[in-house]
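Report on the structure
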Amino acid sequence: MDVYKVKDIIGNSQKFISPFGEPCSYYICAGENENVSNISIQKYWEKLKFMSENIDRLIQQAFKPEFYDGYGVNKKLITSSEEMCRQLVVDSFVLYINDDSIGSYLSNSRFMFGHFIDCLWSDNWSLIDSYFC
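In short, a report on the structure.

Analysis parameters
Residues numbered from 1 in each chain as written. Predicted model: local features only at pLDDT ≥ 70, side-chain atom pairs only at ≥ 80, totals over all residues. Heavy atoms only, no water. Helix = DSSP H or I, 4+ residues; strand = E, 2+ residues; numbered from the N terminus. Buried < 20%, exposed > 50% of the residue type's maximum accessible area, 1.4 Å probe, protein only. Contact = heavy atoms within 4.5 Å. Arc of directions from axis to C-beta. Polar contact = N/O pair within 3.5 Å; in protein donor to acceptor, adjacent residues only side chain to side chain.

What follows concerns the side chain of serine 107. Here serine 107 is to be found in strand 4 (residues 101-107). Assessed through its relative accessible area of 6%, serine 107 is described here as buried. Among all residues touching serine 107, those that are not within four sequence positions of it are Gln87, Leu88, Val89, Asp91, Met112, His115 and Phe116.

As structure tokens, then:
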């Protein structure tokens, strides 16, 4: 995806990682025989804009208090599940064109040490699942 357009949509929000990192975590996922159309690209921008405008609510929706007890969460650096939820950031934003669902990894490298929360929302932003990895 155009990293400058991603940056324009997410602005200076501290809730999203930079689109300029490698590998880029902002993309559209298509199957082997699927083409990424201009319609899919437009949907991507619309969904990223929606997430950027509703980021706190979406993170809260995906977060489960038991994630705080996940392997690799340094409890010396984060004192509660509520604080953990507030400090999560979006590490990836993916549109799956087969069903227009959105996948995202949430994490915070300061206290999660290579672990993340894998989230999947339907095309109308209903949470399908989230789990700690």
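Attention now moves to helix 3 (residues 55-62). Restricting attention to buried positions, one finds in helix 3 the residues Ile55, Leu58, Ile59 and Ala62. All buried residues of helix 3 fall inside an arc of 100° around its axis, so they share one side.

Regarding helix 1 (residues 3-10), the residues found buried are Val3, Val6, Ile9 and Ile10. The arc that holds every buried residue of helix 1, seen down its axis, measures 120°, which confines them to one face. Seen from the open side of helix 1, the exposed residues pointing more than 90 degrees away from its buried face are Tyr4 and Asp8. Against the buried residues of helix 1 lie strand 1 (26-29) and helix 2 (38-53). Near the N-terminus of helix 1, the side chain that reaches the backbone nitrogen of tyrosine 4, with its oxygen 2.9 Å away, is that of aspartate 2. Backbone geometry just after helix 1 places glycine 11 at a positive phi near 60°.

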